[in-house]
Amino acid sequence: RLRLSRRLRLSRRLRLSRRSRLSRRTVKDAETVKEEIETGKEEAETVKEVETVKGAEAAVQAAEEESARRLRDLEEEYQREVTSLRERLMQLEREVPPPPRADDLPDEYYCAITMELMTDPVIAADGFSYERAAIQDWLDKGKRTSPKTGALLSHDQLLPNLSLRSLIQDRMNAARR
């Protein structure tokens, strides 16, 4: 009996020892499983973030491709418009004759004040012709001398130079034909 009871006690101890080892393993296994679950969750979140970044990168790339396509379209449209405008300009240049060259017209056709071709020539007291607006502005500023000679003007009356106006207009019309 003693041996039997010893064996039973030993057997119980072994069982208890095994149980405690198993329960320790189970606790450790549970902790390990819990850690693995947490790690898995973190990895899943990382995968989601990577997928989100990949999706954003794809969207950015698609937007860049669309922008590049639009830019090419605009450049092509711009080139077509420039070509069209150049053709129109060449057509207009063929239709409109060039103005007479400065060396083709006598100096008397140009105002001594503005140095531009006169359209409304008038004769001042010094006997020279000027563009009406230019000599009138000269006189309005209180200047009483000849713009050409510097001599004092005897009066401030301006007379239309109809013959010079007619000569200038005839010359311009002939040049346009």
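Report on the accompanying structure. (Residues numbered from 1 in each chain as written. Predicted model: local features only at pLDDT ≥ 70, side-chain atom pairs only at ≥ 80, totals over all residues. Heavy atoms only, no water.)

1. Here's the deal with the overall build of the protein chain
Here's step 1: A tally of regular secondary structure across the protein chain gives three helices and three strands.
Here's step 2: The order of helices and strands in the protein chain, counted from the N terminus, is α-β-β-α-β-α.
Here's step 3: Within the protein chain, contacts between residues separated by at least 24 positions form 43% of all contacts whose residues are at least 6 apart in sequence.
Here's step 4: Summed over all atoms, the accessible surface of the protein chain reaches about 14,900 Å², with 53% contributed by carbon and sulfur. (Helix = DSSP H or I, 4+ residues; strand = E, 2+ residues; numbered from the N terminus. Contact = heavy atoms within 4.5 Å. Areas by Shrake-Rupley, 256 points an atom, 1.4 Å probe, with all protein chains shown as cover.)

2. Section: the pattern of salt bridges
Pairing is possible between side chains of opposite charge, provided their charged atoms come close.
Here's step 1: Taken as a whole and judged by the stated rule, the model has six salt bridges.
Here's step 2: For R70, the salt bridge goes to E66, with nearest N and O atoms at 3.3 Å. With a gap of four residues between them, R70 and E66 both fall in helix 1 (residues 2–95), about one helical turn apart.
Here's step 3: Residue R70 is classed as exposed on the basis of its relative accessible area, which comes to 52%.
Here's step 4: Judged by relative accessible area, which is 28%, E66 ranks as partly exposed.
Here's step 5: The shortest N-O distance in the salt bridge between R132 and D120 comes to 2.9 Å. (Salt bridge = Lys/Arg side-chain N within 4 Å of Asp/Glu carboxyl O. Buried < 20%, exposed > 50% of the residue type's maximum accessible area, 1.4 Å probe, protein only.)

3. Here we look at a negative patch on the surface
Here's step 1: Together, E38, E42, E43, E45 and E49 make up a region of like negative charge exposed at the surface.
Here's step 2: Mapping E42 onto the fold places it in helix 1. (Patch = residues over 30% accessible without salt bridge, like charges linked within 9 Å, V, L, I, M, F, W, Y side chains within 5 Å. Lys, Arg positive; Asp, Glu negative; His and termini not counted. Charge placed at Lys NZ, Arg CZ, Asp CG, Glu CD.)

4. Points about the sheet that holds strand 2 (residues 129–131)
Here's step 1: Across the sheet, three strands lie side by side as 2-1-3; this open sheet has antiparallel pairing. A strand with exactly one partner marks an edge of an open sheet, and here the two such strands are strand 2 and strand 3 (159–160).
Here's step 2: Judged from the three bridges that link them, strand 1 (residues 121–123) and strand 2 form a sheet pairing that is antiparallel. Looking at the pairing, P121 lines up with E131 of strand 2.
Here's step 3: Where helix 2 (residues 132–140) meets the sheet, its contacts fall on strand 1, strand 2 and strand 3, and the angle it forms with strand 2 comes to roughly 95°. (Pairing = 2+ DSSP bridges. Axes fitted to C-alpha atoms, helices over the stretch in contact; angles between N-to-C directions.)

5. A look at the nonpolar core
Here's step 1: In terms of nonpolar packing, the biggest core is built from 16 residues, with I135, L139, L158 and I168 touching the most fellow members.
Here's step 2: Of the residues forming this core, the biggest block, four residues, is contributed by helix 2.
Here's step 3: Residue contacts for L139: discarding those within four places in its chain leaves R144, L153, D156 and L158. (Core = buried A, V, L, I, M, F, W, Y, C linked by side-chain atoms within 4.5 Å.)

6. Some words on the side chain of E131
Here's step 1: Looking at the secondary structure, you find E131 in strand 2.
Here's step 2: The side chain of E131 is buried and forms no salt bridge, while R132, the nearest opposite charge, is found at 7.2 Å.
Here's step 3: Here the side chain of E131 touches D120 through a polar contact of 3.2 Å, landing on its backbone nitrogen.
Here's step 4: With sequence-adjacent residues up to four places away left out, E131 is seen in contact with C111, L117, M118, T119 and D120. (Polar contact = N/O pair within 3.5 Å; in protein donor to acceptor, adjacent residues only side chain to side chain.)

7. Side note on the packing of aromatic side chains
Here's step 1: The full count for this structure, using the stated rule, is zero aromatic pairs.
Here's step 2: The ring of W138 has K143 lying over it, and the distance from NZ or CZ to the ring centre is 4.3 Å. (Phe/Tyr/Trp six-rings, centres within 6.5 Å; stacked < 30°, edge-to-face > 60°. Lys NZ or Arg CZ within 6 Å of the ring centre and 35° of its normal.)

8. Some remarks on unusual backbone geometry
Here's step 1: In the Ramachandran plot, M115 falls in the positive-phi region, its phi being about 65° despite a non-glycine side chain.
Here's step 2: By the element assignment, M115 lies in the loop between helix 1 and strand 1.

9. Considerations on the environment of A133
Here's step 1: Note that A133 resides in helix 2.
Here's step 2: What makes A133 exposed here is its relative accessible area of 54%.
Here's step 3: Sequence-wise, A133 and D120 are 13 residues apart; in three dimensions their C-alpha atoms are separated by 8.2 Å.

10. Some details on helix 2
For an α-helix, the turn length of 3.6 residues means that residues three or four places apart are oriented alike.
Here's step 1: For helix 2, the full list of buried residues reads A134, I135, W138 and L139. An end-on view of helix 2 places all buried positions within 130° of arc, on one side of the element. Away from its buried face, by an angle of more than 90 degrees, helix 2 presents the exposed residues A133 and D140.
Here's step 2: Packing partners of the buried residues in helix 2 comprise strand 1 and strand 2.
Here's step 3: One or two positions beyond helix 2, positive phi appears at G142, with a value near 90°. (Arc of directions from axis to C-beta.)

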